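Architecture and fold: a report
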Amino acid sequence: MASSLADEACEACTSEDEPLTEAEYAEYLTEIDDDVWEVVNDHHLEGEYPFEDFRDALEFTYEIGELAEQEWHHPDISLQWGEVRVEMWTHKIDGLHKTDFVMAARMDRIHEEYAPE
């Protein structure tokens, strides 16, 4: 799933920023994989990526961990055989920011090389 959102910069927010409303994040939601991601309680993103084996899930986890370090935007990650779950929101504003969707789009792009046939 190619996304122009994945090419955008991750912008740091300030504590004065407000979390995105449903109307504000609706457009971003269309640019991430809806088979993977959902918005929960207008507060955070939850995603579940499928894999054919543990090794691929582990490698993907490593890659998104490196992305998180690079962008200094760290999701909660759960790894198990055949699946990686991700939970993400911007802690500074206790809600969703555009950067959460940029990160989700980048994770979708990384997952393309691992996606089960």
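Going along each chain's sequence as written, the residues are numbered from 1 onward. In keeping with the model being predicted, local features are shown solely for residues with a pLDDT of at least 70 and side-chain atom pairs are shown and tallied solely at 80 or more, while totals for entire chains, interfaces and linings include all residues. The side-chain figures draw on all heavy atoms in the structure; neither hydrogens nor water molecules are used.

1. Regarding the overall build of the protein
For clarity, the threshold we go by: Strands are runs of DSSP state E lasting at least two residues, helices are runs of H or I lasting at least four, and both sets are numbered from the N terminus onward. Based on C-alpha atoms, the radius of gyration is set beside the globule rule, defined as 2.2 Å times the residue count to the power 0.38. Partly exposed describes any residue whose relative accessible area lies between the buried limit of under 20% and the exposed limit of over 50%, with all areas from a 1.4 Å probe on protein chains only and scaled to the type maximum.
Looking only at helices and strands, the protein has three helices and four strands in total. A compact globule built from 117 residues would reach a C-alpha radius of gyration of about 13 Å, and the protein, at 14 Å, matches this within 12%. Its C-alpha atoms give the protein principal-axis dimensions of about 40 × 25 × 25 Å. Looking at the protein as a whole, 44% of its 117 residues are labelled buried.

2. Quick notes on the layout of surface pockets
Basically, it comes down to this: Computed over the protein atoms alone on a 1 Å grid, cavities are sets of points where a 1.4 Å probe fits but cannot get out and pockets are open sets with protein on both sides within 12 Å along at least five of seven lines; a residue lines them when it has an atom within 4 Å of a point. Grid points are joined across faces, edges and corners, and a volume is the space filled by probe spheres set on the points. When residues are sorted by character, Ala, Val, Leu, Ile, Met, Phe, Trp, Tyr, Cys and Pro go into the nonpolar class, Asp, Glu, Lys and Arg into the charged class, and all the rest, Gly among them, into the polar class.
The computed volume of the largest pocket comes to approximately 210 Å³. Partitioned by chemical class, the residues of the lining of the largest pocket number four nonpolar, five polar and three charged.

3. Some details on the packing of aromatic side chains
When we look at a pair of aromatic rings, we describe it by the centre distance and by the angle of the planes. Our working rule: Two aromatic rings from Phe, Tyr or Trp, using only the six-membered ring of Trp, form a pair when their centres are within 6.5 Å; if the ring planes differ by under 30 degrees the pair is stacked, by over 60 it is edge-to-face, and anything between is tilted.
In total, this model carries seven aromatic pairs according to the counting rule given. Ring centres of Y28 and F101 lie 5.7 Å apart, and the angle between their planes is 35°; on these two criteria the pair is classed as tilted. Of this pair, Y28 sits in helix α1 (residues 22-29) while F101 sits in helix α3 (residues 98-111), placing them 73 residues apart in sequence. Of the residues examined, F101 reaches a relative accessible area of 0% and is grouped as buried.

4. Here's the deal with unusual backbone geometry
Although it is not a glycine, N41 adopts a positive phi angle of roughly 55°. Relative to the assigned elements, N41 resides in the loop between β1 (37-40) and β2 (44-50). Despite not being glycine, W72 has its phi angle at roughly 55°, a positive value. On the secondary structure map, W72 appears in the loop between α2 (54-71) and β3 (76-80). Given a relative accessible area of 64%, W72 falls into the exposed group.

5. Looking at the pattern of salt bridges
Put simply, the rule reads: Just to be clear on terms, a salt bridge is a Lys or Arg side-chain nitrogen sitting within 4 Å of an Asp or Glu carboxyl oxygen.
A full pass over the atoms with the stated rule returns five salt bridges. Here E8 ties to K98 by a salt bridge, and the two come within 2.3 Å at their closest N and O atoms. Residue E8 is found in the segment before α1, and its partner K98 is found in helix α3; the two are separated by 90 residues along the sequence. R106 is the salt-bridge partner of E71, the closest N and O atoms lying 2.6 Å from each other. Residue E71 is located in helix α2, and its partner R106 is located in helix α3; the two are separated by 35 residues in the primary sequence.

6. Overview of the pairing of β3
Heads up, the rule is: DSSP calls a pair of strands paired once it identifies at least 2 bridges connecting them.
Alignment of β3 against strand β4 (residues 83-88), held across five bridges, turns out to be antiparallel. Residue S78 lies in a different strand from β4, and its bridge partner there is R85. Hairpin geometry of β3 and β4 is characterised by an intervening segment of two residues between the two adjacent antiparallel strands and by a positive phi of about 75° at G82.

7. A look at the pairing of β2
In the sheet, β1 pairs with β2 via four bridges, with the strands oriented antiparallel. Along β2, the bridge assignment pairs V40 with H44. Counted along the chain from β1 to the antiparallel partner β2, the turn is three residues long, and its residue N41 has a positive phi close to 55°.

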